[in-house]
Amino acid sequence: ALPEHCDFTVFGGTGDLAFRKLLPALFHRDLEGQLPDDFRIIGVSRSDLDTEGYQQLVREALPGHVDPAGHDPATYDAALQRLVGRLHHLVLDAEEPDDWHQLHGLLKDRGRTEAVGGPDEAVRVFYLAVAPALFGPICARLDEIGVVDPTARVVMEKPIGRDLASARAVNDAVGAVFEESQTFRIDHYLGKESVQNLLVTRFANTFLEPLWNSRWVDHVQITVAESLGVGERGGYYDGSGALRDMVQNHLLQLLCLTAMEPPTYVGRETVRDEKLKVLQALKPMGPQDVDRDTVRGQYRQGLVDGQAVAAYSDDLGRAGSSTETFVALKAEVQNWRWAGVPFYLRTGKRMDRRVSEIVVVFKEPPHAMFPGSEGATTANRLHILVQPDEGMRLHLTAKEPGPGGIRLRPVSLDLSYATTFTQRSPDAYERLLMDVVRGNPTHFMRRDEVEAAWSWVEPILERWDELGERPLRYPAGTTGPTAAAMLLERDGRAWQETD
Ligand code: BG6
């Protein structure tokens, strides 16, 4: 249930994430009347701003992130006014004990609550939208100033570490202050409507599940393609690369939800228990597997949507980087259900378009019974479209109408969320932030999941390091290096591009 009183503190309160995602998400929830009256948002940053200045900044910036069009102007303005009224700002230098005392004072001063007749303690959320190196130190300070009570929650953004050891160190430091049940590690893919719908598609229907195994599934493809480049984020990105930035978290989470066993019910731990089992069943990648089954790429200049775009090195502002902006790889889940079924994963920046999807490719019918149809049938495929157009598409074979013999034709059954549902699809952060406020960790990454994902990814990173090869170049605006196509071709398969 929603607490009546909540202090939502954002470290990095003037940062990009706060302005692009967190504040708009809270604004939307507020607009829908879902924030309790006594809900304070405390922006903490090093910017020299008082509360009024912060309120002004947010008032001006928010309409750039939440389009007023489509909302009743009076309702929009009232909600903006309300949200701005919830804001506080605190200038904080992590090294300055006085600044921490001020935070303590603010959190203890629930003057506003008294006005609405509530208790003077609120549920405290601490959102760490700052560099991961600060996660541990901030938690230690929060502990010192005595604001971490049993209902307090901490929210962490990725990257949680850059390998297993550093992830453990972060988790240890945060875990010294917050219990695991108070710790919310965000993977925003888990908040996406279509990703949550994956569970429903699989487990609230009967027709798929009997086929969802190595007996009927030939292979699975998971693609998260972006048309954007690294933009202004080169500083972070160059030390990370696509494997750490996308595969270790988002793609592996999609793989888990696709491959996991049905939990008995959707509970705080049950779904995470099942996902963990999938991660633990991933076939470990030895050096030879890495050489054979992974492809690294980096974009060079090219055309995206007819526009000339720069190479990664130009976006970065220096040449010679060996960071990959594209990865394709072949994984396998070694368990009863999936043994022998390849899971092909790929993700990249500056690809031909923005599309994320999971494609389950079923086996060919065992026998071609329509004369002359050999080679004319295509395998059934279920496309689960995650973004930008959420939906599902099932590829089937049908008879082409006509009086002559039987001629086969591929057709598709399409489900588009946009035309099926009239409700607005909320942004992932809207759901996830409310889950934090409610204290529901189901759709957050548990410590063991994060670490299991790093354990699987780490040998790939190590092998790449050892080889010291530069990533293959691919022109911006394409589907990546040809070696990514070869990865499937070699197995007699091809990437399924959605038209
Ligand atoms: C983030 C990555 O986690 O996800 C970014 O750090 C990436 O590099 C982004 O662009 C993609 O998210 P979405 O929701 O736009 O698919």
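Description of the structure in this document. (Residues numbered from 1 in each chain as written. Predicted model: local features only at pLDDT ≥ 70, side-chain atom pairs only at ≥ 80, totals over all residues. Heavy atoms only, no water.)

## Here's the deal with the packing of aromatic side chains
Part 1: Counting across every chain of the model gives 13 aromatic pairs.
Part 2: For the pair Phe-8 and Phe-39, a centre-to-centre distance of 5.9 Å together with 25° between the ring planes defines the contact as stacked. Taken together, the residues span a long stretch of sequence, with Phe-8 in strand S1 (residues 5-11) and Phe-39 in strand S2 (residues 38-45) at a distance of 31 residues.
Part 3: Take Phe-8: its relative accessible area is 0%, and that puts it in the buried class. (Phe/Tyr/Trp six-rings, centres within 6.5 Å; stacked < 30°, edge-to-face > 60°. Helix = DSSP H or I, 4+ residues; strand = E, 2+ residues; numbered from the N terminus. Buried < 20%, exposed > 50% of the residue type's maximum accessible area, 1.4 Å probe, protein only.)

## Observations concerning the sheet that holds strand S16 (residues 408-416)
Part 1: Read from one edge to the other, the open sheet built from nine strands follows the order S16-S15-S14-S13-S7-S12-S11-S8-S17, with strand pairing classed as mixed. Where the open sheet ends on each side, the last strands, each with one partner, are S16 and strand S17 (472-475). The sheet shows a mean angle of 20° between the axes of neighbouring strands, direction not considered.
Part 2: Note that strand S7 (residues 217-225) and strand S13 (residues 355-362) share eight bridges and pair antiparallel. Bridging from a neighbouring strand, Ile-222 pairs with Ile-358 of S13.
Part 3: Docked against the sheet, helix H10 (residues 242-259) engages S7, strand S11 (326-332), strand S12 (342-348) and S13, running at close to 140° with respect to S12.
Part 4: Across the face of the sheet, helix H17 (residues 482-489) comes into contact with S7, strand S8 (294-300), S11, S12 and S17 while running at roughly 15° to S11. (Pairing = 2+ DSSP bridges. Axes fitted to C-alpha atoms, helices over the stretch in contact; angles between N-to-C directions. Contact = heavy atoms within 4.5 Å.)

## Considerations on the pairing of S8
Part 1: Burial of S8 is extensive: six of the seven residues sit out of reach of the surface.
Part 2: Relative to S11, S8 runs antiparallel, the two being bridged by four bridges. Each bridged residue has a counterpart across the sheet, and for Arg-296 the counterpart in S11 is Val-327.
Part 3: Two strands pair when backbone bridges link them, and S8 and S17 are joined in this way by four bridges, in the parallel orientation. When the bridges of S17 are listed, Tyr-299 appears paired with Tyr-474.

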